[in-house]
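# Summary of the model geometry
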Amino acid sequence: MEKREFMYEGKAKKLYATDDPAKMIQYFKDDASAFNKKKLGTVTSKGIVNNAISEVLFKHLEDNGVPTHFLERLDEREMLVWKLDMLPIEVIIRNIVAGSMAKRLGLEEGQSLSTTILEFCYKCDELDDPIINDYHILALGYATAEELAEIKRLTFRINDLMTAFFDERDLILVDFKLEFGKRDGQVVLADEICPDTCRFWQKGSLEKMDKDRFRRDLGGVEDAYQEVCRRVTGG
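Residues numbered from 1 in each chain as written. Predicted model: local features only at pLDDT ≥ 70, side-chain atom pairs only at ≥ 80, totals over all residues. Heavy atoms only, no water.

## Overview of helix 1 (residues 46–63)
Taking 1.5 Å of rise per residue, the 18 residues of helix 1 would be expected to cover 26 Å, and the 26 Å separating its terminal C-alpha atoms lies within 8% of that figure. For helix 1, the complete set of buried residues consists of Lys 46, Gly 47, Val 49, Asn 50, Asn 51, Ala 52, Ile 53, Ser 54, Glu 55, Leu 57, Phe 58 and Leu 61. Just downstream of helix 1, Gly 65 is the residue with a positive phi angle, here 85°. (Helix = DSSP H or I, 4+ residues; strand = E, 2+ residues; numbered from the N terminus. Expected span 1.5 Å × (residues − 1). Buried < 20%, exposed > 50% of the residue type's maximum accessible area, 1.4 Å probe, protein only.)

## With respect to helix 6 (residues 221–233)
Taking 1.5 Å of rise per residue, 13 residues should cover 18 Å, and helix 6 covers 18 Å from first to last C-alpha, within 8% of that figure. Taken together, the buried residues of helix 6 touch helix 1, helix 4 (145–167), strand 11 (171–183), strand 13 (198–202) and helix 5 (212–215). Looking at the residues trailing helix 6, positive phi occurs at Gly 234, about 80°. (Contact = heavy atoms within 4.5 Å.)

## What about the side chain of Asn 50?
Within the secondary structure, Asn 50 is located in helix 1. For Asn 50, a relative accessible area of 1% gives the class buried. At 3.3 Å, the side chain of Asn 50 forms a polar contact with the side chain of Asp 196. When sequence neighbours within four positions are dropped, the list of residues in contact with Asn 50 reads Phe 28, Glu 192, Cys 194, Pro 195, Asp 196 and Tyr 225. (Polar contact = N/O pair within 3.5 Å; in protein donor to acceptor, adjacent residues only side chain to side chain.)

## Side note on the sheet that holds strand 2 (residues 13–18)
The five strands are arranged 1-2-3-7-6 in an open sheet whose pairing can be described as antiparallel. If you trace the sheet from one side to the other, it starts and ends with strand 1 (3–9) and strand 6 (70–73), each paired once. Strand-to-strand twist of the sheet, defined as the mean angle between neighbouring strand axes without regard to direction, takes the value 30°. Looking at chain direction, strand 3 (residues 23–28) and strand 7 (residues 78–82) are connected through five bridges and run antiparallel. Bridge pairing in strand 7 places Ile 25 opposite Leu 80. Of the strands in this sheet, strand 3, strand 6 and strand 7 are in contact with helix 1, which crosses strand 6 at around 135°. (Pairing = 2+ DSSP bridges. Axes fitted to C-alpha atoms, helices over the stretch in contact; angles between N-to-C directions.)

Quick look at the structure:
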């Protein structure tokens, strides 16, 4: 697969075209950001770790019927993915109260929920990714009713699969963010799945093992990412 021109740079990744117009190369950076780039930094080897974790999780989801953009990991920092028509929506699953939900609703972090919560945000850094609902999505044409129903179905399926996966590795999946695109009319999981996009707490101690260590200046960011990678990959 021949790597060609640079296409796009996000907060944590770069995308490159290839000699196959249906495929792209996704490069994982060590750049760290929080609060929509209001806080910036670097986490050593983060790109390598997130690439390895995402590979395992995408394969696990694919094996269990969830379509993803992942094709193969090319090297430490790059994976080959399908080129998608991305939907301007971030999908958030919350299994436990944490982060912005605790702040927004005046709740105690760690509070249990009687049911899993699904939230949508409009993907726009300039507006700080505002929360939207089904009606916004349909009225503004971000997705069709059928696509929205499929996004919800896949998201809850992903939550079930990942909650069980991380429970076996002594990690609590507190919440996580997903992005989806379309390929040949099919809704497909995109982006990455890693400590940048998920909250993981150590079972028992509830120690934070994700980007909150960077957001909140807790220290030990690299060690936490490496430990999650070790448990996910078995390496």
